[in-house]
Amino acid sequence: MTDIISQGRKNLIGLDRTELAAELTAVGEKPFRAKQLWHWIYYRGESDFSKMTTMSKVARPKLAELFSASRPVITREETSEDRSRKWLLGFGDANEAECVYIPEKDRGALCLSSQVGCTLNCSFCHTGTQKLVRNLTSGEIVGQMMVARDSYGEWPSPRGERMLSNIVMMGMGEPLYNFENVSKALKIIMDPEGISISKRRITLSTSGVVPMMERCGKELGVNLAVSLHACTDELRDKLVPINRKHPIKELLSACRRYPGANNANRITFEYVMLKGVNDSDADAKELLRLVRGLPAKFNLIPFNPWPGSTFECSTPAQSKRFSNILNKGGLSAPIRVPRGRDIMAACGQLKSDSIRQRRKKTASVEA
Ligand code: SAH
Ligand code: SF4
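What counts as what
- Residues numbered from 1 in each chain as written.
- Chains lettered and ligands numbered in written order.
- Predicted model: local features only at pLDDT ≥ 70, side-chain atom pairs only at ≥ 80, totals over all residues.
- Heavy atoms only, no water.
- Helix = DSSP H or I, 4+ residues; strand = E, 2+ residues; numbered from the N terminus.
- Contact = heavy atoms within 4.5 Å.
- Lys, Arg positive; Asp, Glu negative; His and termini not counted.
- Charge placed at Lys NZ, Arg CZ, Asp CG, Glu CD.
- Pairing = 2+ DSSP bridges.
- Axes fitted to C-alpha atoms, helices over the stretch in contact; angles between N-to-C directions.
- Near = heavy atom within 4 Å.
- Polar contact = N/O pair within 3.5 Å; in protein donor to acceptor, adjacent residues only side chain to side chain.
- Areas by Shrake-Rupley, 256 points an atom, 1.4 Å probe, with all protein chains shown as cover.
- 1 Å grid on protein atoms, 1.4 Å probe; cavity = no way out; pocket = protein on both sides within 12 Å on 5 of 7 lines; lining within 4 Å.
- Sits in = over half its atoms within 2 Å of the grid points.
- Nonpolar A, V, L, I, M, F, W, Y, C, P; charged D, E, K, R; others polar.
- Points joined across faces, edges and corners; volume = space filled by probe spheres on them.
- Buried < 20%, exposed > 50% of the residue type's maximum accessible area, 1.4 Å probe, protein only.
- Right-handed = clockwise from strand over helix to strand, strands pointing away.
- Parallel < 35°, antiparallel > 145°, perpendicular 65-115°, else oblique.
- Left-handed = near helix turned anticlockwise from the far one by under 90°.
- Core = buried A, V, L, I, M, F, W, Y, C linked by side-chain atoms within 4.5 Å.
- Domains from an automatic or database assignment.

Turning our attention to the overall build of the chain. A count of helical and extended segments in the chain gives 12 helices and 13 strands. Along the longest, intermediate and shortest principal axes, the C-alpha atoms of the chain span 70 × 60 × 40 Å. Restricting the contact set of the chain to residue pairs at least 6 apart, pairs at least 24 apart contribute 66%. Taking the average location of the 55 positive side-chain charges in the chain and that of its 40 negative ones, the two points are 4 Å from each other.

Structure (structure tokens):
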């Protein structure tokens, strides 16, 4: 999404309405044109200025010369046997991130990345083995959505049913460590005159960045998912190292304060099922005790393996027992069906070597 991709022209994707109006005024256009341009870019998905027929005839070539509405470049696109789709996207500076679409019967969720790599080395997560390279910009986050919409031809924004109906911030990176850009991107995605995805259909997943949680709820009002994965600090310190900074008690009290959380709008606790590590009956009972009084539900995620990972997934029988204990305690706790494992698109499997790293590898193979 840099000048390399847009060939020296400024990319407008990722600018908010005020910034878009400022760009237009700076080149002698009236600020009200920003509303029209917004409609073309985010409602119609148009990137060719010559086709933006409500813009004046004089303005169209001028805009085309100065600006672009370019998406990240698709480096690789794969479709799983279960129809999940994964894109490896390049951002013009040798960095790449992955984005995944998970279809359901009459809808589907798009899993967006917020960073290239991640600073938090959760021991069961493939992304965590890739050092943080950088935060993604708001344009690069919105750009992932635009690529997916292009791929499914979902322009203009459908009024009724949509393939791309939900967004989950569960791709690469910790979204609350890049909150400014994530917030700006989600506001663009939620805008009713553009891509128009309601906050009720957006879920942000955090490993537990406690100081940012309240702001996320207040500013965005999106659903919150929290990667809990353990019921004692001793174990969580090892699995999700951010726990050393913000232990379970602090995390759960931030959940209790999360704006907008109530029984109709519960916080999802994600729990990766690791055989012999966190999946005993006693663990399930302790979880019930921990979240008592909280508007909570659980998502039990079978561990998705990756090359070099040392964990094993819990047995189906033990996962079922675990789920039943939570159910009996009054909590919904479905065991998720892994999607896109054959293309390494399932939860926690995303990782992309930077182009530079890949070139180095290729060079050494050739030598
Ligand atoms: N950084 C954020 C969001 C991205 S990870 C977070 O940690 O919440 C999305 C979810 O996938 C998290 O719950 C994460 O713990 C989980 N996950 C990571 N690696 C996994 C793996 N190998 N198998 C199953 N789930 C995994
Ligand atoms: Fe980062 Fe989330 Fe993976 Fe942990 S689970 S390393 S926070 S992406």
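Next comes the rest of the write-up.
On the secondary structure map, Gly 139 appears in helix H5 (residues 138–152). Along the chain, Gly 139 and Val 182 lie 43 residues apart, while their C-alpha atoms are 9.7 Å from each other.

Further remarks concern the sheet that holds strand S13 (residues 296–302). Sheet architecture is open: nine strands sit in the order S3-S4-S5-S6-S9-S10-S11-S12-S13, paired in mixed fashion. Strand pairing shows two members of the sheet lacking a second neighbour, strand S3 (73–79) and S13, which therefore form its edges. Sheet twist, expressed as the average angle between the axes of neighbouring strands with direction ignored, equals 20°. Here seven bridges tie strand S12 (residues 267–273) to S13, and the two strands are oriented parallel to one another. Within the sheet, the bridge partner assigned to Glu 270 lies in S13 and is Asn 299. Running at roughly 180° to S13, helix H11 (residues 316–328) makes contact with S12 and S13 of the sheet.

In this section: the site of ligand 1. Phe 124, Gly 173, Ser 205, Ser 227 and His 229 are the nearest of the 20 residues found near ligand 1. Contact between ligand 1 and Gly 173: a nitrogen atom at 2.9 Å from a main-chain N or O atom of the residue. Interatomic distance of 3.1 Å between a side-chain N/O atom of Glu 270 and an oxygen atom of ligand 1. Isolated, ligand 1 exposes 540 Å² of accessible area, and the fraction of that covered by the protein chains is 96%. Placement of ligand 1 is best described as lying within the largest cavity. Residue assignment for the shell around ligand 1 shows that the elements contributing at least two residues are strand S10 (202–206), S12 and S13. Split into classes, the residues belonging to the shell around ligand 1 amount to nine nonpolar, nine polar and two charged.

Here the focus is the layout of surface pockets. Which parts of space are left empty comes out when a probe the size of a water molecule is rolled across the atoms. Approximately 1000 Å³ is the volume attributed to the largest pocket. The wall of the largest pocket is formed by 42 residues, among which Ala 109, Val 168, Met 170, Asn 299 and Arg 336 lie closest to the centre. Where the lining of the largest pocket is concerned, the elements lending two or more residues are strand S5 (96–103), strand S6 (108–111), strand S9 (166–169), strand S11 (223–227), S12 and S13. With four residues, S13 is the largest single contributor of residues to the lining of the largest pocket. Residues of the lining of the largest pocket, tallied by class, amount to 20 nonpolar, 13 polar and nine charged.

This brings us to the site of ligand 2. Ligand 2 sits among Cys 118, Leu 120, Cys 122, Cys 125, Gly 128, Gly 173 and Ser 207. If you map ligand 2 onto the pockets, it falls in the largest cavity. When grouped by side-chain class, the residues that make up the shell around ligand 2 number four nonpolar, three polar and no charged.

The next subject is the pairing of S10. Regular strands place their side chains on alternate faces of the sheet. Of all the five residues making up S10, five are buried; the element is thus mostly covered by neighbouring parts of the structure. Alternating residues of S10 divide into Ile 202, Leu 204 and Thr 206 and Thr 203 and Ser 205, and every residue in both groups is buried. When S9 meets S10, the two strands line up parallel, connected through three bridges. By the bridge assignment for S10, Met 169 is matched with Leu 204. Read from S9 through helix H6 (residues 179–190) to S10, the crossover connection turns out right-handed. By the bridge criterion, four bridges tie S10 to S11 in an arrangement that is parallel. The residue of S11 that forms the bridge with Ser 205 is Ala 225. For the crossover from S10 across helix H7 (residues 210–220) to S11, the handedness is right-handed.

At their nearest, the axes of H6 and H7 sit 11 Å apart, and the two run at 20° to each other. Between H6 and H7, the interaxial angle falls into the category roughly parallel. Crossing geometry of H6 relative to H7 is assigned as right-handed. Listed contacts from H7 to Phe 179, Glu 180, Ser 183, Leu 186, Lys 187 and Met 190 of H6 are Met 212, Arg 215, Cys 216, Glu 219 and Leu 220. Looking at side-chain class alone, the contact of H6 with H7 contains six nonpolar, one polar and four charged residues.

In terms of burial, helix H3 (residues 33–43) is largely enclosed, as eight of its 11 residues are buried. Within H3, burial applies to Arg 33, Ala 34, Leu 37, Trp 38, Trp 40, Ile 41, Tyr 42 and Tyr 43. Contact partners of the buried residues in H3: helix H2 (17–26), H5 and H6.

A separate point is the nonpolar core. Phe 124, Phe 269 and Phe 298 are the most contacted members of the largest nonpolar core, which has 109 residues in total. For this core, the domains that each give at least three residues are domain 1 (10–68) and domain 2 (73–355). Filtering out sequence-adjacent residues up to four positions away, Phe 298 remains in contact with Leu 228, Phe 269, Tyr 271, Leu 287, Val 291, Leu 326, Leu 331, Ser 332, Ala 333 and Pro 334.

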